[in-house]
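One letter stands for each residue in the lines below.
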Amino acid sequence: MAKMDGINDRILQELSRDGRVSNIDLAARVGLSPSACLRRVQELERSGVITGYRAVLDRTRMGTGFVAYIGVSLNNHSKASQEAFEQAISRAPEVRECHNTTGTIEYLLRIECADLGRYKDFHTNMLGALPQVNGITTYVVLGSPKDARA
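Residues numbered from 1 in each chain as written. Predicted model: local features only at pLDDT ≥ 70, side-chain atom pairs only at ≥ 80, totals over all residues. Heavy atoms only, no water.

**Regarding the overall build of the chain**
Regarding its fold elements, the chain presents five helices and four strands. Mapped from its N terminus to its C terminus, the chain presents α and β elements in the order α-α-α-β-α-β-β-α-β. Here the C-alpha radius of gyration of the chain, 20 Å, is well above what a compact globule of 150 residues would show, namely 15 Å. Of the roughly 9,800 Å² that the chain leaves accessible, carbon and sulfur atoms contribute 51%. (Helix = DSSP H or I, 4+ residues; strand = E, 2+ residues; numbered from the N terminus. Rg over C-alpha atoms; globule rule 2.2 N^0.38 Å. Areas by Shrake-Rupley, 256 points an atom, 1.4 Å probe, with all protein chains shown as cover.)

**As for the pattern of salt bridges**
Following the criterion strictly, the structure yields eleven salt bridges and no others. As a salt-bridge pair, Glu112 and Arg96 come within 3.5 Å of each other at their nearest N and O atoms. With a gap of 16 residues between them, Glu112 in strand β3 (residues 107–113) and Arg96 in strand β2 (residues 95–100) connect regions that are remote in the sequence. Judged by relative accessible area, which is 44%, Arg96 ranks as partly exposed. (Salt bridge = Lys/Arg side-chain N within 4 Å of Asp/Glu carboxyl O. Buried < 20%, exposed > 50% of the residue type's maximum accessible area, 1.4 Å probe, protein only.)

**Details of the confidence of the model for the chain**
Per-residue confidence for the chain averages 94 on the pLDDT scale, and 99% of its residues sit at or above 70. The secondary-structure element of the chain with the lowest mean pLDDT is helix α1 (residues 6–17), recorded at 95, while helix α2 (residues 23–30) shows the highest, at 98. (pLDDT = per-residue confidence, 0-100.)

**Thoughts on a nonpolar patch on the surface**
A contiguous nonpolar surface patch, about 330 Å² in accessible area, is contributed by Met1, Met4 and Val49. Mapped onto the fold, Val49 is located in the loop between α3 (34–46) and β1 (66–74). (Patch = residues over 30% accessible without salt bridge, like charges linked within 9 Å, V, L, I, M, F, W, Y side chains within 5 Å.)

**Things to note about the sheet that holds strand β4 (residues 133–140)**
Pairing is antiparallel across the open sheet formed by four strands, whose spatial order is β2-β3-β1-β4. Of all strands in the sheet, those bounded by a partner on one side alone are β2 and β4. When the angles between neighbouring strand axes are averaged without regard to direction, this sheet yields 20°. Where β1 lies against β4, seven bridges are found, and the strand directions are antiparallel. Looking across to β4, one finds that Leu74 is bridged to Val133. Each of β1, β2, β3 and β4 touches helix α4 (residues 79–90); the most contacted strand, β3, lies at about 15° to it. (Pairing = 2+ DSSP bridges. Axes fitted to C-alpha atoms, helices over the stretch in contact; angles between N-to-C directions. Contact = heavy atoms within 4.5 Å.)

**Here we look at the nonpolar core**
For soluble globular proteins, the rule of thumb is that nonpolar side chains tend to be buried together. Val72, Phe85, Leu109, Ile111, Phe122 and Leu127 are the most contacted members of the largest nonpolar core, which totals 20 residues. Elements represented by at least two residues in this core include exactly β1, α4, β3 and α5 (116–127). Among the elements that make up this core, the one with the highest residue count is β1 (five residues). In this view, Ile111 contacts Phe66, Val67, Ala68, Ile70, Glu94, Val95, Arg96, Tyr119 and Phe122; residues no more than four positions away in its chain are not counted. Core analysis: the second largest hydrophobic core is formed by twelve residues, Ala2, Leu12, Val21 and Ala27 among them. (Core = buried A, V, L, I, M, F, W, Y, C linked by side-chain atoms within 4.5 Å.)

Rendered as structure tokens:
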């Protein structure tokens, strides 16, 4: 595993903001020579601290600007029930994130689709049709003043 120190923290912070920054610019931002910076980035990649690089997309321009978080409770807490739910959710293109949580719900989903009509179709014909689902609570996103997901 890569040794975490202040320089590696700054490298990760800079790459989180701009994964396409050149090694020369990154080195200047964190106060290293380009060769030392490159060695550190490669070690962070090799050790699995950096797992990949992504493009940040404008979902509205892509036609999937409707975003909601959905709390899902299951009617059965068995491993088989959870696995069946997770398999079904993994096939749903509207589901961008699925988190198994503690508390009053078992899963928190982040969905993206074109509009309220497409969400209703997903809610009724996908989530509502799953035999494991006991309850669904939807929180429609009106805006995102801060979104630091990479």
